[in-house]
Amino acid sequence: MSTPRPVLVVDFGAQYAQLIARRVREARVYSEIVPHSMPVAEMLAKNPAAIILSGGPSSVYAPGAPLVDADLFTSDVPVFGICYGFQAMAQALGGTVARTGNREYGGTPLRPRPEAGVLLRELPAELPVWMSHGDCVTEAPAGFTVTAESAGAPVAAFEDLPGRRAGVQFHPEVGHTAQGQEMLQRFLYDIAGIAPTWTPSNIIEEQVERIRAQVGDKEVICGLSGGVDSAVAAALVHKAVGDQLTCVFVDHGLLRAGEAEQVEKDYVAATGIKLKVVDAQERFLGALAGVTDPEQKRKIIGREFIRVFEAAAREIAAHGDVEFLVQGTLYPDVVESGGGTGTANIKSHHNVGGLPEDLKFALVEPLRTLFKDEVRTIGLELGLPEAMVWRHPFPGPGLAIRIIGAVDRERLDLLRQADLIAREELTAAGLDRDVWQFPVVLLADVRSVGVQGDGRSYGHPVVLRPVSSEDAMTADWSRLPYDVIARISTRITNEVAEVNRVVLDVTSKPPGTIEWE
Ligand SMILES: Nc1ncnc2c1ncn2[C@@H]1O[C@H](COP(=O)(O)OP(=O)(O)OP(=O)(O)O)[C@@H](O)[C@H]1O
Ligand SMILES: O=c1[nH]c(=O)c2[nH+]cn([C@@H]3O[C@H](COP(=O)(O)O)[C@@H](O)[C@H]3O)c2[nH]1
Ligand SMILES: NC(=O)CC[C@H](N)C(=O)O
Ligand SMILES: [Mg+2]
């Protein structure tokens, strides 16, 4: 297999560098991220089909700001700059960048000029784009045509077609820039002249080779949850090293109704991969007793998972130790745990920020740079059953982060019942695929007064949190039909003792996250 010529995304500390890479892959062009600290010679040695310079928090004129090496522009590689990358490119080529006092954050109208060049050709005279900048290109470099402006950016886009270079102040990679994907594709196809020939099956081949190189003839275990990410990760590893792989499913007592049985029954039947099931309920519930702080819960769960994997590895190993642990970690788990370049810790995902410091396994994470919808495509391509591929995501820490308050068996049972009702009614209404994820949350430390059977009740509220999303990085609350919400509410308050109120969460992400903890 020959590796395709990559489009390199140079990361200047953007929150969304991976999003750019993913949009490029969506355009069926292979893409990889490289840090801005990589020398230009090393970038060029990768024989890139084009280079995209990402956004970033710095200002190009500030001391110590990461700059683009002018050598990049003496090569004939096509270059596209976005936001900070656009500014850095302008400065490196002799244009000017300044803080004008005009900041633009969020949805902004863009006005393409009549001589709009290739990127913005024949788009409306005013179109919505997403901006996030405080600095501006005030003068384009010689040889560049200014192709758009906005109220706060006199140079909002420019192009040098003979030089195969272009740049934009706004962010074409985010969904809020409605024509963003189209603009990126125009850069890739029409300016850089790249053909859209790459498919996710190329990722499969590439990862299989990488896994073989990493693992050799050693034994491997994979944390398997029943979710799509670990199922796909396991399938890739199985394809690479076959029977050297054993999956370990941990029943930590924080699962939903029927989940453990389903994984045991369906997974092996569907894949033929060896599976070890560990009942660790006592261990997890003991470690979580009385703990209410969300980050503390997450760290405890991350640690206990690893301890269970270690014990399982000792039992599995036929000769020596199992060195490798496969996890279905995706890019959003990494960014939210603060693992991106200069990104903040929002919450410690158990499989990234929640890992204990004394972790001895080497991690095998073939999906670490990908988003859920890409993983689903790969899962389908690998032949995993549709029901597995389209399953709603369920977080590794399970119901523990959906009980607001301390976790115990009684509360888990309440939440499990309410969750099952919500899932049953959603499926009965035929809406599983319209909703991306549907957490049900128990406000265990809150009580409210109700009237049931002519008597007073003083029970707990349950929150319904159905959301739509593409990749969990942003989300909106799902506009479920009122009659479906009504049925869920009636059934929960009738059937779950102790719950006398059901509320609907109508918060998008941001500002809310999908899970409450
Ligand atoms: N109960 C579990 N037993 C073993 N490993 C688990 C369990 N829960 C989570 N993991 C590990 O943690 C990783 C991250 O969990 P996460 O929920 O993000 O992924 P997933 O369960 O594979 O997919 P999904 O997001 O669709 O639920 C999993 O891919 C898996 O490796
Ligand atoms: O395996 C996981 N371990 C975790 O610690 C974890 N925390 C959140 N999630 C899932 O990630 C997505 C984004 O969630 P948030 O909007 O709540 O951050 C949603 O799909 C969440 O369910 C987790 N998954
Ligand atoms: N999002 C960005 O790349 C911001 C670039 C630069 N820091 C500015 O404020 O203009
Ligand atoms: Mg899961």
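This one's a predicted model, so the numbers in the text were calculated from it and none came from an experiment.

Peer 1: Which parts of the structure should I look at to understand the site of ligand 1?
Peer 2: Around ligand 1 sit 23 residues in total, of which Gly223, Ser225, Ser230, Lys372 and Phe394 are the nearest. The backbone of valine 228 places a nitrogen or oxygen atom 3.3 Å from an oxygen atom of ligand 1. One of the backbone N or O atoms of serine 230 is found 2.6 Å from an oxygen atom in ligand 1. Burial of ligand 1 by the surrounding chains reaches 95%, relative to a free accessible area of 580 Å².

Peer 1: Which parts of the structure should I look at to understand empty space enclosed by the protein?
Peer 2: One water molecule sets the probe size; rolling that probe over the atoms shows where empty space is left. Applying the stated criterion across every chain yields a total of one cavity of 30 Å³ or more. What lines the largest cavity is a set of 46 residues, among which Asp229, His350, Phe394, Pro395 and Gly396 lie closest to the centre. For the lining of the largest cavity, the secondary-structure elements that each account for two or more residues are α6 (228–241), β13 (245–251), α9 (294–316) and α10 (331–336). Considering every element that reaches the lining of the largest cavity, the biggest residue donor is α9, with five residues.

Peer 1: Explain the packing of aromatic side chains here, please?
Peer 2: The relation between two aromatic rings is expressed through the spacing of the ring centres and the mutual angle of the planes. Applying the stated criterion across every chain, the model contains eight aromatic pairs. Pairing tyrosine 30 with tryptophan 198 gives two aromatic rings, centres 5.9 Å apart and planes at 45°, and the pair type is tilted. Here tryptophan 198 lies in the loop between α4 (180–191) and α5 (200–215) and tyrosine 30 lies in the loop between α1 (17–26) and β2 (31–35), a separation of 168 residues in the sequence. Across the pair, exposure class does not vary: tyrosine 30 and tryptophan 198 are buried alike. Seen in terms of ring centroids, phenylalanine 86 and phenylalanine 158 are 4.5 Å apart; in terms of plane orientation they differ by 45°. Their pairing is tilted. Of this pair, phenylalanine 86 sits in helix α3 (residues 84–92) while phenylalanine 158 sits in strand β10 (residues 157–160); the two residues are 72 residues apart in sequence, bridging distant segments of the chain. Per residue, the accessibility class of phenylalanine 86 equals that of phenylalanine 158, and both read buried. Three or more aromatic residues joined by ring pairs make a cluster, and in this case those are Phe86, Phe144 and Phe158. Cation over ring: arginine 22 sits above phenylalanine 371, and NZ or CZ is 5.0 Å from the ring centre.

Peer 1: Looking at this model, I keep getting lost on the site of ligand 2. Mind explaining?
Peer 2: Near ligand 2 there are 17 residues, and of these Glu336, Lys347, Gln437, Ile514 and Glu515 occur at the shortest range. Between ligand 2 and glutamine 437, the relevant distance is 2.7 Å, taken from an oxygen atom to a side-chain nitrogen or oxygen of the residue. About the coverage of ligand 2: the protein hides 92% of its 490 Å² of free accessible area. Of the pockets mapped on this structure, ligand 2 occupies the largest cavity. Split into classes, the residues belonging to the shell around ligand 2 amount to six nonpolar, six polar and five charged.

Peer 1: Just checking my understanding: could you explain α4 for this structure?
Peer 2: Side chains that are three or four residues apart share a direction in an α-helix, a result of its 3.6 residues per turn. Between its terminal C-alpha atoms α4 stretches 15 Å, which fits the 16 Å expected from twelve residues at 1.5 Å a residue. At the C-terminal side of α4, glycine 193 shows a positive phi close to 70°.

Peer 1: How should I be thinking about the pairing of strand β1 (residues 7–11) in this particular structure?
Peer 2: Every regular strand shows the same layout, with side chains that alternate between the two sheet faces. The element β1 is extensively covered by neighbouring structure, given that five of its five residues are classed as buried. Across the two faces of β1 the burial is the same, with Val7, Val9 and Asp11 and Leu8 and Val10 all buried. Pairing between β1 and strand β3 (residues 50–53): four bridges, direction parallel. Residue pairing for β3: valine 7 is matched across the bridge by alanine 50. Across five bridges, the pairing between β1 and β2 is parallel. Within β2, the residue paired with valine 7 across the bridge is serine 31. For the crossover that starts at β1, traverses α1 and ends in the parallel β2, the hand is right-handed.

Peer 1: I would appreciate a short explanation of the environment of glycine 227 in the present structure.
Peer 2: Looking at the secondary structure, you find glycine 227 in the loop between β12 (220–223) and α6. When the C-alpha positions of glycine 227 and aspartate 419 are compared, they lie 17 Å apart, and in sequence the two are 192 residues distant.

Peer 1: It is not clear to me how the UniProt feature "binding site: ATP" (unreviewed entry) in the chain should be interpreted in this structure. Could you clarify?
Peer 2: Here, UniProt's "binding site: ATP" (unreviewed entry) annotation points to Ser225, Gly226, Gly227, Val228, Asp229, Ser230 and Ala231. Checking the annotated residues one by one, the ones that line the largest cavity turn out to be Ser225, Gly227, Val228, Asp229 and Ser230. In this fold, glycine 226 is placed in the loop between β12 and α6. Those residues within four positions of glycine 226 in sequence are excluded, and the remaining contacts are Val263 and Arg391. The topology assignment puts serine 230 in helix α6. In this structure serine 230 touches Cys222, Gly223, Leu224, Ser225 and Gly328, once residues within four positions along its chain are discounted.

About the criteria used
Residues numbered from 1 in each chain as written. Chains lettered and ligands numbered in written order. Predicted model: local features only at pLDDT ≥ 70, side-chain atom pairs only at ≥ 80, totals over all residues. Heavy atoms only, no water. Near = heavy atom within 4 Å. Polar contact = N/O pair within 3.5 Å; in protein donor to acceptor, adjacent residues only side chain to side chain. Areas by Shrake-Rupley, 256 points an atom, 1.4 Å probe, with all protein chains shown as cover. 1 Å grid on protein atoms, 1.4 Å probe; cavity = no way out; pocket = protein on both sides within 12 Å on 5 of 7 lines; lining within 4 Å. Points joined across faces, edges and corners; volume = space filled by probe spheres on them. Helix = DSSP H or I, 4+ residues; strand = E, 2+ residues; numbered from the N terminus. Phe/Tyr/Trp six-rings, centres within 6.5 Å; stacked < 30°, edge-to-face > 60°. Buried < 20%, exposed > 50% of the residue type's maximum accessible area, 1.4 Å probe, protein only. Lys NZ or Arg CZ within 6 Å of the ring centre and 35° of its normal. Sits in = over half its atoms within 2 Å of the grid points. Nonpolar A, V, L, I, M, F, W, Y, C, P; charged D, E, K, R; others polar. Expected span 1.5 Å × (residues − 1). Pairing = 2+ DSSP bridges. Right-handed = clockwise from strand over helix to strand, strands pointing away. UniProt positions renumbered as here; feature names shortened; annotations may be inferred. Contact = heavy atoms within 4.5 Å.

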